[in-house]
Amino acid sequence: MKKVVLITGFTGMDGANLTEYLLKNTECEIYGMVRRSANPNFKNVKEFLDNSRVKIVYGDLIDLISIKNLVEKIQPDYLINLGANSFVGCSWDMPIQVFETNTLGVLYCLEAIKSVKPNCRFYQASSSEQFGDVLYSPQDIKHEWRPRSIYGCSKCSSHYLVKVYKESYGLYAVCGILFNHDGIKRGPEFVTQKIALGVANIHNQISKKQPITPIKLGNLDAKRDWSDSEDFVDGIWRMLNQEEFNQQLKEKYISKNFYTENIGWLFKEIKDYILASGETHSVKEFIELAFKEANIEGYWEGKGINEKYLISNYLIEEHNLNSNILVEVDPKFFRPAEVNILCGDSTPARKELNWQPKVSFQELVKKMVRHNINNPQV
Ligand code: G4F
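Residues numbered from 1 in each chain as written. Predicted model: local features only at pLDDT ≥ 70, side-chain atom pairs only at ≥ 80, totals over all residues. Heavy atoms only, no water.

As for the sheet that holds strand β13 (residues 298-301)
- Here four strands make up an open sheet; going across it, the order is β8-β15-β14-β13 and the pairing mixed. Looking along the sheet, the strands with just one partner apiece sit at the ends: β8 (215-217) and β13. Ignoring which end each strand starts from, the neighbouring axes of this sheet average 20 degrees apart.
- Helix α5 (residues 191-207) rests against β8, β14 (308-311) and β15 (325-329) of the sheet, and its axis sits at about 160 degrees to β8. (Pairing = 2+ DSSP bridges. Helix = DSSP H or I, 4+ residues; strand = E, 2+ residues; numbered from the N terminus. Axes fitted to C-alpha atoms, helices over the stretch in contact; angles between N-to-C directions. Contact = heavy atoms within 4.5 Å.)

Below is the structure:
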């Protein structure tokens, strides 16, 4: 029997990358949940729309009835909840919408599974933003939650909901605590894509001898543990099939013919995992590497809100440029409270699920900049 997967957040970066992964590595049928709106954005998933294994279904995380109806209709073996308002910065502007989507939405998924199909496996996209004001690095699964944003609070609450539903009703429910993961399908509001798009744009302007548009950013000193989303979707699938990927569980259950569709026996063994590279890099480092990939040499000048990344003098003369500013600080992008550093310890996922990221920080920056240079925005 082919397994059926229902993905919320289907049109987002992780939804698209997970769909591609499942099409390549499994025989699953995929139902991608999309919010019906006047102008749905299928840019990330357009290559899957003609695939007979992929079907679009309409629903909304903040509409319990729609989630329950979908679970009833589709009878999924897996509900993978990647849907969220995932932009931390906007959580101060629309706190209630963020909480409704990121927390109530999870409660609705869990209720739907519990009452309609309790053997459906559930994945919740937890976040390193939950660690917040960190006490030590790298952060491991024992690090306490010290969120700094409303987004972080919403993800802590949903994380606890998953734990309670798992323990109360024996659901196979797992939280993946994912550190920053980006890639070519990343939305332009996130800092990595904002920089990669800005660099590609400046590269294009220089080659056409047009005026340069500086990239305006907030906190340049923030440090993140960045990986490629394409590597993380593999980790998500491993977390949802722990008895297959974890040798110890495999020996204990599958090889001894204990495997059964009734997963009640297994839930106590199911663990949450961190996915991370284990390296931390600043926004400034991302900027330097991004310009290097575009062959644009620059240097830092000034401090605080006056800090700027300037193009090397010889390039100004060579290209007869009007301005030398590549990057400048705009306080409107500062957050009311900031997570200064994140760096994750993913040892358990590496040891127990045999998972590891393939794309390094340097390769990720190159990949994003190259993609934007080769596919200029019209
Ligand atoms: O790219 P960001 O917006 O990602 P952030 O806030 O770390 O959140 C991402 O990772 C989380 C996992 O830790 C996910 F849960 C979440 O959904 C999302 O995927 O910002 C990264 C850093 C921040 O410190 C921010 O203040 O970059 C800093 N930054 C500096 N200038 C900026 C900007 N961020 C954005 N978005 N835009 C700027 O102009």
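A look at the sheet that holds strand β4 (residues 78-81)
- Read from one edge to the other, the open sheet built from seven strands follows the order β3-β2-β1-β4-β5-β6-β11, with strand pairing classed as parallel. Since the sheet does not close on itself, it has two edges, and those belong to β3 (54-58) and β11 (273-275), each with one partner. The mean inter-strand angle of the sheet, taken between neighbouring strand axes irrespective of direction, is 25 degrees.
- Sheet topology note: the strand β1 (residues 4-8)/β4 ladder contains four bridges and is parallel. Within β4, the position partnered with I7 by the bridge is I80.
- Docked against the sheet, helix α1 (residues 13-25) engages β1, β2 (29-34), β3 and β4, running at close to 165 degrees with respect to β1.
- This element, helix α4 (residues 150-169), spans β5 (121-127) and β6 (173-178) of the sheet and lies at about 150 degrees to β5.

Overview of the site of the ligand
- In the neighbourhood of the ligand, 24 residues make up the surrounding shell, with S127, S128, Y151, R335 and E338 lying closest.
- S86 places a polar main-chain atom, nitrogen or oxygen, 2.6 Å from an oxygen atom of the ligand.
- At 2.8 Å from a nitrogen atom of the ligand is found a main-chain nitrogen or oxygen belonging to G218.
- Here the residues of the shell around the ligand sort into eleven nonpolar, six polar and seven charged. (Near = heavy atom within 4 Å. Polar contact = N/O pair within 3.5 Å; in protein donor to acceptor, adjacent residues only side chain to side chain. Nonpolar A, V, L, I, M, F, W, Y, C, P; charged D, E, K, R; others polar.)

Observations regarding the nonpolar core
- Within the largest apolar cluster, 37 residues are counted, with the highest numbers of intra-cluster contacts made by I80, Y123 and W237.
- Here this core takes six residues from helix α6 (residues 229-240), the largest share from any one element.
- If sequence neighbours within four positions are ignored, W237 has contacts with V5, Y21, L22, T26, C28, Y78, I80 and F245.
- Counting 32 residues, the second largest nonpolar core, distinct from the first, contains A294, L326, V369 and I373. (Core = buried A, V, L, I, M, F, W, Y, C linked by side-chain atoms within 4.5 Å. Buried < 20%, exposed > 50% of the residue type's maximum accessible area, 1.4 Å probe, protein only.)

Observations concerning the pattern of salt bridges
- In this structure the tally under the stated criterion is 18 salt bridges.
- Linking K114 and E111 is a salt bridge whose minimum nitrogen-to-oxygen distance equals 3.3 Å. A residue pair is termed a helical-turn pair when its members lie 3 or 4 positions apart in one helix, as K114 and E111 do in helix α3 (residues 95-116) at three residues.
- Notably, a salt bridge pairs E243 with R121, separated by 3.0 Å at the nearest N-O pair. Taken together, the residues span a long stretch of sequence, with E243 in helix α7 (residues 242-245) and R121 in strand β5 at a distance of 122 residues.
- Residue classification places R121 among the buried residues on the basis of a relative accessible area of 4%.
- Each member of the salt-bridge network shares a partner with another, and the members are D133, E144 and R146. (Salt bridge = Lys/Arg side-chain N within 4 Å of Asp/Glu carboxyl O.)

Some points on the packing of aromatic side chains
- Enumeration according to the criterion identifies eleven aromatic pairs in this entry.
- Ring centres of F291 and Y309 lie 5.6 Å apart, and the angle between their planes is 40 degrees; on these two criteria the pair is classed as tilted. Of this pair, F291 sits in helix α9 (residues 283-293) while Y309 sits in strand β14, placing them 18 residues apart in sequence.
- The class for Y309 is buried, based on a relative accessible area of 5%.
- In textbook terms, an aromatic cluster arises when at least three aromatic residues are bridged by ring pairs, as seen for F131, W145 and F179.
- Against the face of F333 rests K194, its NZ or CZ located 3.3 Å from the ring centre.
- Between K284 and the ring centre of W300, over which it is positioned, the NZ or CZ distance is 5.3 Å. (Phe/Tyr/Trp six-rings, centres within 6.5 Å; stacked < 30°, edge-to-face > 60°. Lys NZ or Arg CZ within 6 Å of the ring centre and 35° of its normal.)

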